[in-house]
Amino acid sequence: MAMAPMATAARARRTRRRLAGVPDARTAARLRTACVIGSLVWRLKNFQISKISAHKNIKIGFKMNEADLNKNSINRFTLVYQKNYWRGFACTVSSISKRSDSIIKIDVITDSHSYSHFEKIKNKYLSPVLKNISFECKSLSKNDMNFLQKFSFKTHFHPSVCYRLFYMDLFECNEPVCYLDTDIVFKTNTLDIGQFVSEDFPISARCETKKDVTGKPYFNAGVIIMNCREKKEELFTLLTEAKRLLPVLSKSSIYLDQDALNIAFENRWKELPIRLNRTPSDNGVALDRCIAHATGSRKPWMLGAGHAYNTLYEREIEQLKLPVYIRYDVIWPLKALKRRVNSLMRSNR
């Protein structure tokens, strides 16, 4: 049967285009599809998709090799555990877990009275974060505890504020470590803070607007990035010096351990951006990509205390699925009254 004239003409056109090196519409579509697929493969090979956990969105960035990634990120933290601050501890740990894509090790410093309490809280409430966090908990020795119990602590402070000074005595470490107070919400990521590890100074910390009594720069010790890689020996020496200063400073100092650290590390610290230790008074500093520090005697987990970071605490603690009735400390006013009475009794002796 003879072909229709229209089909014959179409076939003739395809033949002429093929002889001239011009692909027909079907072949051109296939070539375009192949180019798109090839482009995607090339992009996936040379780029990585990484999650910005703080905002739950996606960004494209150049892939870093493993050596650079390890050097520029901080995957080790140290926190102090004290029973009265367990909610703050849980909130801080939860916020670190949420914003890290790597395995994090947390060195926990505590005392013999709080050790079993930490194990209980970890096993009962911290299971959601154990997927990317490992803990190593160590207690101060009896001699170290007796040493700290001799001092008089002002306002709401407790001997546990000095536990961080013993970090190098308790843990072996050859990498950068970030110390965090347990009233912190970690809203950035480990790669962000890793860029502030100083190779020239043993620690990095946020400078306070106020100065010390001599007018020298004074840092807030709520967030400290310690370079245990290049400055390990100097770090150990200066932390030992800070401990030596405690007996003298305890007679008049309000911020005992912080004052000791500032004297011991004078001219041996690098300044951090304010956003990496943002306090409620830093109203001009955005809350994204920051480390929010809930300073003050009243904390976000104290029901009715009215702290500026209440909402941040609620969002972070939600991840742990804690029962509502234990998310907040409801008897903190009685504890505060007891501390005040004890303080007045000591001052009248």
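Our structure is the block above this text.
Enquirer: Before we go on, may I ask you to explain the overall build of the chain in this structure?
Expert: Assigned secondary structure in the chain consists of 12 helices and 11 strands. Within the chain, residue pairs in contact and separated by at least 24 positions form 73% of the contacts whose partners lie at least 6 positions apart. Of the roughly 19,500 Å² of accessible surface on the chain, a fraction of 56% belongs to carbon and sulfur atoms.

Enquirer: Would you take a moment to explain the packing of helix 9 (residues 232-249) against helix 10 (residues 256-264) for this structure?
Expert: The relative placement of two packed helices is expressed as an angle between their axes plus a distance between the axes. Packing of helix 9 against helix 10 leaves a shortest axis separation of 8 Å and a crossing angle of 125 degrees. Classed by the angle they form, the pair helix 9 and helix 10 counts as oblique. Classified by chirality, the crossing of helix 10 by helix 9 is right-handed. Taking contact as the criterion, the partners of Leu238, Leu239, Glu241, Ala242, Leu245, Leu246 and Leu249 in helix 9 are, on helix 10, Leu256, Asp257, Asp259, Ala260, Leu261, Ile263 and Ala264. For the contact of helix 9 with helix 10, the per-class residue count stands at 11 nonpolar, no polar and three charged.

Enquirer: Help me out: how do you make sense of the side chain of Asp183 in this one?
Expert: One can find Asp183 in the loop between strand 6 (176-180) and strand 7 (184-186). Polar contacts involving the side chain of Asp183 include one to the side chain of His293, which spans 3.2 Å. Those residues in contact with Asp183 that sit more than four places away from it in its chain are Thr92, Ala292, His293, Ala294, Thr295, Lys299 and Trp301.

Enquirer: Help me understand the pairing of strand 6, please; the structure alone is not making it clear to me.
Expert: Side-chain positions along a regular strand alternate between the two faces of the sheet. The buried fraction of strand 6 amounts to five of the five residues, a majority that puts the element mostly inside the structure. Burial of strand 6 is two-sided: the residues Pro176, Cys178 and Leu180 facing one way and the residues Val177 and Tyr179 facing the other way are all buried. Where strand 3 (residues 76-80) lies against strand 6, two bridges are found, and the strand directions are parallel. Residue pairing for strand 6: Phe77 is matched across the bridge by Cys178.

Enquirer: Got a minute to help me understand the environment of Ser95 in this structure?
Expert: Secondary-structure assignment places Ser95 in helix 4 (residues 86-98). The class of Ser95 is buried, set by a relative accessible area of 0%. Separated by 92 residues in the primary sequence, Ser95 and Lys187 have C-alpha atoms spaced 6.8 Å apart. The residues touching Ser95, leaving out its near neighbours within four places in the chain, are Ile184, Val185, Phe186 and Glu316. Among the polar contacts made by the side chain of Ser95, one reaches the main-chain amide nitrogen of Phe186 at a distance of 2.9 Å.

Enquirer: Help me understand helix 10 in this model?
Expert: Since there are 3.6 residues in each turn of an α-helix, residues three or four apart along the chain are aligned in direction. Counting buried residues in helix 10 gives eight out of nine residues, a clear majority hidden from the surface. All of the buried residues in helix 10 are Leu256, Asp257, Gln258, Asp259, Ala260, Leu261, Asn262 and Ala264. Each element contacted by the buried residues of helix 10 is listed here: strand 9 (217-227) and helix 9.

The rules behind each value
- Residues numbered from 1 in each chain as written.
- Predicted model: local features only at pLDDT ≥ 70, side-chain atom pairs only at ≥ 80, totals over all residues.
- Heavy atoms only, no water.
- Helix = DSSP H or I, 4+ residues; strand = E, 2+ residues; numbered from the N terminus.
- Contact = heavy atoms within 4.5 Å.
- Areas by Shrake-Rupley, 256 points an atom, 1.4 Å probe, with all protein chains shown as cover.
- Axes fitted to C-alpha atoms, helices over the stretch in contact; angles between N-to-C directions.
- Parallel < 35°, antiparallel > 145°, perpendicular 65-115°, else oblique.
- Left-handed = near helix turned anticlockwise from the far one by under 90°.
- Nonpolar A, V, L, I, M, F, W, Y, C, P; charged D, E, K, R; others polar.
- Polar contact = N/O pair within 3.5 Å; in protein donor to acceptor, adjacent residues only side chain to side chain.
- Buried < 20%, exposed > 50% of the residue type's maximum accessible area, 1.4 Å probe, protein only.
- Pairing = 2+ DSSP bridges.

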